[in-house]
Amino acid sequence: MATKPKRDLTVEEQLARGPLDLPFLMLVLLLTGIGLIMVFSASYASAYYNEAVTHHDPTWYVKRQAIFAAAGVVVMYLTSKLNYQNFRWMSIFVLAAAFVLLILVKVPHIGVTAGGANRWIKLPGLPQFQPSEVAKLGVILYFSARLAKRNTEKKRKFNHHTPKGRFLRLMDRIGLLELAPYMGVLLAILGLLALQPHMSGMILILAIGASILFAAGIHLGWFVAGGSFAVAALTFIIFNTDYMASRIHIWQDPWSDPLGKGFQTIQSLYAIGSGGLLGLGLGNSRQKFLYIPEPENDFIFSIACEELGFVGAVLILCLFALLILRGYWLAIHARDRFGALLIVGITTQVAVQTFLNIGVVTNLFPVTGISMPFFSYGGTALMIQLLEMGVILSVSRQIPAPKAG
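Report follows, based on the coordinates. Since this is a predicted model, take the numbers as computed values, not measurements.

### Topic: the overall build of the protein chain
Then step 1. Assigned secondary structure in the protein chain consists of 15 helices and 2 strands.
Then step 2. Put simply, the protein chain has 405 residues, and 47% of those count as buried.
Then step 3. Considering only contacts in the protein chain between residues 6 or more positions apart, those separated by 24 or more positions represent 70%.
Then step 4. Within the structure as shown, the protein chain displays about 20100 Å² of accessible surface, and the carbon and sulfur contribution to it stands at 69%.

Structure (structure tokens):
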């Protein structure tokens, strides 16, 4: 019986089967592994004493995080096998899904409120998660897909004999017409996040969008104007929202309410200070024994500082720095603009989120409820982060090999 001849692979299929970037992959796996260890160390005391949720199981948090981490690594690998050009047509659907999820936050019995904020949703059969995580990915994909075609789009023509035509021509000449769809998307998402309220999410979305626009070559003048407007708008929102204004007050003086709103920040500073140079030893933190609330979440880095000391904390930051630098290196060497913009957006998200989280636990910034990538407890957030790492690895497969000689 004659066998069916094998189909020759297309050029796109051959490119998508190239080797992924091993240094980047190893850094991701290393950070994920260390993050799991720190989740276990930071959470076993609070898990043991939480009878209502964990039933005195000290491994409750780490077991769930490990399951999501394993699933996330599989998702990362499968995503890395995809031809990243497919993310072009997916972008609009991911962005649309993000808008729907952000709206569902305000739907009774679906949206979940905790700590004075309404940022989570709980859908039947799914774990609780923050739609802002999907919104970040949606902005990255949509902006990258549209801006990748920036230099190939036909130049717009307007009728200069009509007032409307002359106005549109002026807007096009200064670049405002090109920016309109991106500004519209950002303002819509920021508006939905402001209703939650979710200040850290707003800052991250702005940073992601700005980084992709900058990498795409948008004139610097727009960043000055947009940055000034964003700072003014965020300042207005902060000081006209009691929830945020109180956090600014506590940030300025945590000891003004040492047993209330300033308690978490004060205990975090105690943890960091008591770690010293070499730390108290892995598992030996004292502040995780019901002093820092939910130490496995946003303030996990303070537990790492206490147990691993200054040296351990610096090593963790060096791993993040290497991951970020490698990400931007891959963006510079990407096969096309779309791949480069994807990596810039994702890498900037990791960089800004890490910086803000460390700023919060050291009281450099007000408490904003921002998690530490790969470390903070949260299964769906970790899976989305690993999926994004898979996108970067997918792009890395198609980086042209250096020419010999």
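Read on, since the account is not over.
### What about the nonpolar core?
Then step 1. Among the nonpolar cores identified, the biggest contains 96 residues, and F143, I189, F301, L342, F374, F375 and M389 are the most heavily contacted of them.
Then step 2. The element best represented in this core is helix α13 (residues 300-332), accounting for 13 residues.
Then step 3. Setting aside chain neighbours within four positions, we find M389 in contact with F24, V28, M76, I346, V350 and F374.

### Some details on the pairing of strand β2 (residues 117-121)
Then step 1. Burial analysis of β2 places 5 of its 5 residues in the buried class, which makes it a mostly covered element.
Then step 2. Relative to β2, strand β1 (residues 111-114) is paired through 3 bridges, and the arrangement is antiparallel. Considered in β2, the bridge of V112 is made with W120.

### Notes on helix α9 (residues 199-215)
Then step 1. With 17 residues, α9 extends 24 Å from end C-alpha to end C-alpha; this agrees with the ideal 24 Å at 1.5 Å per step.
Then step 2. Where α9 is concerned, the buried positions are M199, S200, G201, M202, L204, I205, I208, G209, S211, I212 and L213.

Scoring rules and cut-offs
Residues numbered from 1 in each chain as written. Predicted model: local features only at pLDDT ≥ 70, side-chain atom pairs only at ≥ 80, totals over all residues. Heavy atoms only, no water. Helix = DSSP H or I, 4+ residues; strand = E, 2+ residues; numbered from the N terminus. Buried < 20%, exposed > 50% of the residue type's maximum accessible area, 1.4 Å probe, protein only. Contact = heavy atoms within 4.5 Å. Areas by Shrake-Rupley, 256 points an atom, 1.4 Å probe, with all protein chains shown as cover. Core = buried A, V, L, I, M, F, W, Y, C linked by side-chain atoms within 4.5 Å. Pairing = 2+ DSSP bridges. Expected span 1.5 Å × (residues − 1).

The quantities given are spatial measurements derived from coordinates; they are silent on function.
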